[in-house]
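Chain by chain, the residues run as shown.
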Amino acid sequence: MIKMVGALLRRIYSSFATNILDVPPRLLAFLLLMVLLFLPVARLDLYILRIVTIALIFAIFAASWDLLVGRAGQVSLGHALFFGIGAYLSAYLSRFHGLPLWATIPLSMLFCALVAVLLGFPCLRVKGPYLTLVTMAFPLILAVGFFALDPPFGGEGGIALTRAQRLFPMEALYPQRVAEYYLILFLLLVSAIILYKIANSKTGIVLVSILDDESASKACGINVTKYKLLAWAISAFFAGLAGCLYAHYIQATPPTTVLGLTTSFYPVIMTILGGIGTIYGPIVGAFILWSLMEFTLWVLTDFFQFIPFIANAGDELRIIVYIGIIIVFIIKWPKGISKFVVEKLDELTEKRELDERKKK
Amino acid sequence: MIENLIVFGALSGAVYALLALGFTLIYGVADVINMAHGAFYMLGAYAFSIFLMNLGYNSITNPSSFLLLTALILATIFVGFVGIIIYRLFVHPLIENPLSVLVVTIGATLILQQMILLWFGDVDMAVPKLLEGYTLLLGLKVAYHSLLSLVLSLGLIAILGIFIARSKIGGAMRAAAQDREVAMLMGINTERLYMLTMAISASLAAIAGILLNPPAASPMLREWTYPLVMSFAIVIIGGLGSIKGSLVGAFIIGYVEQAVRVFFPGMGYLQGAAALTVMVLVLVLRPRGFFGKHVEAE
């Protein structure tokens with residue numbers, strides 16, 4: 001018995017070693033995951049925990065955008081639509097109909113996928129930059145709708161949720177936030193793995209072929225419409241998840257935030273920063289975006305105070321520096337930071353293997 | 001009520017055409033979806049008022065139209081230069097990659113917005129009218145400023161149209177719009193051409209900002225999303241890259257906006273949504289807008 005367990009453990013370890021420890025990019029991802037797993041153990045400030053949690057939510061959102069754009073090539077600038085619908089629907093059902101969250105969140109996600117399919121039909125006629133700009137309109141129109149229908153949807157502040165509608169309605173603050181953090185981290189992992197599997201499955205390859213050459217894929221007998229709608233639906237499904245989590249985490253659904261232009265821009269920025277078409281790229285991008293923001297806030301605000309002429313202008317300068325750094329990143333690594341790192345690591349391993357072979 | 005709709009719809013439509021023209025121009029020539037277009041609009045209005053202030057203009061003690069004109073020209077040139085700088089620093093290294101250009105121009109917008117905050121603080125500036133007083137038209141009070149805006153906008157659009165159709169640089173622009181690489185092979189310096197196009201595009205947005213702000217008062221200032229979204233709607237309705245199209249689109253959007261203002265008084269927040277809804281409807285019926293250039297299915 002003990003021998004069997006031992007053999008099993010050894011086999012798990014050896015597969016872990018060959019699959020993860022020996023592949024530098026995967027090792028890096030594994031280390032990042034470990035950092036994220038043990039982050040709350042360090043008894044962080046609640047503020048930082050909140051920032052990291054929101055970054056996790058936006059990582060899900062950005063990864064879902066990447067499937068739609070990086071794989072299917074449907075450049076959407078209105079992904080906030082699904083974020084907002086998810087947020088509003090889940091908040092509405094739980095607040096006014098008393099449904100538990102384990103029911104409202106999947107329901108909202110399915111509803112988002114349905115909306116994506118319904119919108120996909122007219123949208124598919126539209127191509128290229130027209131698609132980009134027309135998708136941008138949908139969340140802005142819907143935001144006005146929610147804003148105008150005040151009695152159920154709460155106008156400017158959105159639907160206000162109570163503590164009972166949080167993901168974990170516990171009494172003590174810190175354990176509650178930590179529990180929420182782990183749940184959201186778990187959901188990010190699950191959705192990232194599902195999205196990655198889809199992106200690299202047969203479906204994903206078909207989607208890339210449509211991106212590369214639509215007429216050629218059509219000529220090969222691929223039902224282009226079906227695959228495009230599928231990409232829309234899957235992407236909206238996970239974007240809806242991010243929206244639900246966001247609404248229950250911040251306990252509100254302000255329409256100018258959940259359906260705003262900025263929310264539509266976030267996944268684009270994160271994906272371009274991290275690396276498009278990779279699924280892990282946007283997640284890396286989300287962390288870079290958020291940690292850089294906090295870093296500049298933390299370092300530069302104090303720093304600028306000691307410089308006489310700009311002491312009062314610290315806040316604006318900080319944002320300028322922050323955006324400047326991101327733009328420099330994008331210009332320096334136009335394929336995305338994660339792709340760059342992976343390529344560099346691959347080069348290094350190849351070099352090492354070559355050296356070893358030469359020695360022999 | 002109907003007179004209201006006809007007159008004011010046309011007046012705002014003309015200036016919108018100017019705004020959208022810049023957007024469609026840089027897309028048509030360089031394939032750049034310029035998210036910083038709203039920022040140029042905003043910067044134009046701000047630069048105009050700051051130049052006026054420094055030139056010693058005062059609407060009561062020193063209302064000199066010479067100063068107004070000088071400030072208008074200075075602000076336009078200034079924003080044109082900002083456009084060149086943004087093109088050179090941010091857009092040019094990424095010109096082959098439209099999505100990155102999109103992101104970088106969003107970044108440029110945010111930087112410009114913060115710079116305006118740095119420069120002016122968190123206050124709304126009053127943008128003075130170019131002409132005081134009003135006349136009666138169909139029994140409506142129409143400000144001279146609005147009439148001048150109409151004339152100026154249509155005049156500029158006509159000049160630009162002739163420039164693109166007749167001049168050598170205009171020909172180069174049309175060539176680059178058709179095929180960038182062939183244009184380069186024919187000896188056109190596309191980099192300089194794109195820079196010039198960006199400058200013209202930014203200047204047009206700045207003039208629109210200067211003309212459109214006084215009647216709408218200050219809440220639209222510091223707000224770059226509204227003009228940006230309006231340019232999108234107009235350009236999409238008319239067809240990307242088409243001057244005729246953006247003219248048609250601008251008047252449609254101008255009338256829609258005015259209709260909302262007339263039929264739903266006190267619900268100003270519906271204006272943008274109504275314009276966007278019209279855009280979506282047009283796009284469902286005509287996927288490339290009214291005059292869009294034909295996108296090859298490759």
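Quick notes on the rules
Residues numbered from 1 in each chain as written. Chains lettered and ligands numbered in written order. Predicted model: local features only at pLDDT ≥ 70, side-chain atom pairs only at ≥ 80, totals over all residues. Helix = DSSP H or I, 4+ residues; strand = E, 2+ residues; numbered from the N terminus. Rg over C-alpha atoms; globule rule 2.2 N^0.38 Å. Buried ≥ 20, exposed ≤ 12 C-beta atoms within 10 Å, placed from the backbone. Contact = placed C-beta atoms within 7 Å. Core = buried A, V, L, I, M, F, W, Y, C linked by C-beta atoms within 7 Å. Nonpolar A, V, L, I, M, F, W, Y, C, P; charged D, E, K, R; others polar. Axes fitted to C-alpha atoms, helices over the stretch in contact; angles between N-to-C directions. Parallel < 35°, antiparallel > 145°, perpendicular 65-115°, else oblique. Left-handed = near helix turned anticlockwise from the far one by under 90°. pLDDT = per-residue confidence, 0-100. Pairing = 2+ DSSP bridges. Expected span 1.5 Å × (residues − 1).

This paragraph deals with the overall build of chain A. When you go through chain A residue by residue, the secondary structure sums to 16 helices and 0 strands. For 360 residues, the compact-globule estimate of 2.2 N^0.38 gives 21 Å, and chain A sits close to it at 22 Å. Projected onto its principal axes, the C-alpha positions of chain A cover 75 × 65 × 60 Å. Here chain A, with 360 residues, has 43% of them falling under the buried criterion. Long-range contacts, defined here as pairs at least 24 residues apart, represent 76% of the contacts in chain A between residues at least 6 apart.

So, about the overall build of chain B. Across its full length, chain B carries 11 helices and 2 strands. Its C-alpha atoms give chain B a radius of gyration of 19 Å, within 12% of the compact-globule value 19 Å for 298 residues. Split into buried and exposed, the 298 residues of chain B put 50% on the buried side. Pairs at least 24 residues apart make up 74% of the contacts formed inside chain B by residues separated by at least 6 positions.

It is worth spelling out the nonpolar core at this point. Judged by nonpolar contacts, the single largest core of 202 residues is most densely connected at Ala242 of chain A together with Leu43, Ala233 and Met279 of chain B. Excluding anything up to four places from it in sequence, Leu43 of chain B contacts Val79, Val82, Leu112, Ile116 and Ala206 of chain B.

Right, let's talk about the interface of chain B and chain A for a bit. Across the contact, 38 residues belong to chain B and 37 residues belong to chain A. Taken together, the elements giving at least two residues each to the side of chain B that touches chain A come down to helix H4 (98-120), helix H9 (225-238) and helix H11 (270-285) of chain B. Broken down by element, the residue count for the side of chain B that touches chain A peaks at 13 residues, all from H4 of chain B. When its residues are assigned to classes, the side of chain B that touches chain A shows 29 nonpolar, 7 polar and 2 charged.

This part takes up the environment of Ile283 of chain A. Residues and elements named next belong to chain A. Its location among the elements puts Ile283 in helix H14 (residues 280-305). Of the residues examined, Ile283 has 30 C-beta atoms within 10 Å and is grouped as buried. Residues Ile283 and Glu347 lie 64 residues apart in sequence; the distance between their C-alpha atoms is 23 Å. Setting aside residues up to four positions removed in sequence, Ile283 forms contacts with Ala59, Ala62, Ala63, Ala192 and Gly274.

Right, let's get into the packing of helix H13 (residues 261-274) of chain A against H4 of chain B. Direction vectors running N to C along H13 of chain A and H4 of chain B enclose 120°, while the axes themselves pass 10 Å from each other. One finds that H13 of chain A runs oblique with respect to H4 of chain B. In the crossing of H13 of chain A with H4 of chain B, the sense of the turn from one axis to the other is left-handed. Between H13 of chain A, through Phe265, Val268, Ile269 and Ile272 of chain A, and H4 of chain B, the contact on the second element is made entirely by Leu99, Ser100, Leu102, Val103 and Ile106 of chain B. Here the contact of H13 of chain A with H4 of chain B is composed, by residue class, of 8 nonpolar, 1 polar and no charged.

Now for unusual backbone geometry. One non-glycine residue with positive phi stands out, namely Ile279 of chain A, at about 70°. Tracing the chain through its elements places Ile279 of chain A in the loop between H13 and H14. Accessibility expressed as a C-beta count within 10 Å gives 29 for Ile279 of chain A, which makes it buried. A positive phi is found at Asp31 of chain B, a non-glycine position, where the angle reads about 60°. Positionally, Asp31 of chain B belongs in the loop between helix H1 (2-30) and helix H2 (37-55). Under the C-beta neighbour-count criterion, Asp31 of chain B is labelled partly exposed, with 19 such atoms within 10 Å.

Turning next to the confidence of the model for chain B. Residue and element names in this part refer to chain B. Chain-level pLDDT for chain B is 83 on average; 92% of the residues reach the 70-or-more range. Ranking the helices and strands of chain B by mean pLDDT puts helix H3 (residues 65-91) first, with 90, and strand E1 (residues 134-137) last, with 74. In this model residues 215-220 is a low-confidence stretch, pLDDT under 50, and it forms 7 contacts with partners more than four residues away in sequence or in other chains. Below pLDDT 50 for its whole length, residues 294-298 participates in 7 contacts with residues either more than four positions away or in separate chains. Prediction confidence for the complex, expressed as pTM and ipTM, is 0.88 and 0.84 respectively.

This part covers the environment of Tyr227 of chain A. All names here are of chain A. Positionally, Tyr227 belongs in helix H11 (residues 224-250). Since 19 C-beta atoms lie within 10 Å of it, Tyr227 is described here as partly exposed. Sequence-wise, Tyr227 and Ile210 are 17 residues apart; in three dimensions their C-alpha atoms are separated by 8.7 Å.

Our next topic: the pairing of E1 of chain B. Working note: regular strand, side chains alternate between the two faces of the sheet. Residue and element names in this part refer to chain B. By the bridge criterion, 4 bridges tie E1 to strand E2 (residues 140-143) in an arrangement that is antiparallel. Bridge pairing in E2 places Thr135 opposite Val142. Hairpin remark: E1 followed by E2, antiparallel, with 2 residues in the connecting loop; positive phi at Leu138, about 50°.

So, on to the confidence of the model for chain A. Looking at chain A as a whole, its pLDDT mean stands at 86, while 98% of the residues score no less than 70. Between the elements of chain A, mean pLDDT differs from a low of 75, seen in helix H7 (residues 150-153) of chain A, to a high of 92, seen in H11 of chain A.

So, on to the environment of His145 of chain B. Residues and elements named next belong to chain B. Positionally, His145 belongs in helix H5 (residues 144-166). Taking the C-beta count within 10 Å as the criterion, His145 has 19 such neighbours and is therefore assigned partly exposed. Sequence separation between His145 and Leu211 is 66 residues, and the spatial gap between their C-alpha atoms is 8.0 Å.

Residues and elements named next belong to chain A. The end-to-end C-alpha distance of helix H3 (residues 46-71), which contains 26 residues, comes to 37 Å, matching closely the 38 Å that a straight helix rising 1.5 Å per residue would cover. With 19 of its 26 residues buried, H3 lies for the most part within the structure. Immediately beyond the C-terminal end of H3, within one or two residues, lies Gly73, with a positive phi of roughly 70°.

Residues and elements named next belong to chain A. One can describe the packing of H3 onto H11 by two numbers: an axis separation of 9 Å at closest approach and a directional angle of 165°. In terms of axis orientation, H3 runs roughly antiparallel to H11. For the element pair H3 and H11, the recorded crossing hand is left-handed. Contacts between H3 and H11 pair Thr53, Ile57, Phe58, Ile60, Phe61, Ala63, Ser64, Trp65, Leu67, Leu68 and Arg71 from the former with Ala231, Trp232, Ile234, Ser235, Phe238, Ala239, Leu241, Ala242, Leu245, Tyr246 and Tyr249 from the latter. Classifying every residue of the contact of H3 with H11 gives 18 nonpolar, 3 polar and 1 charged.

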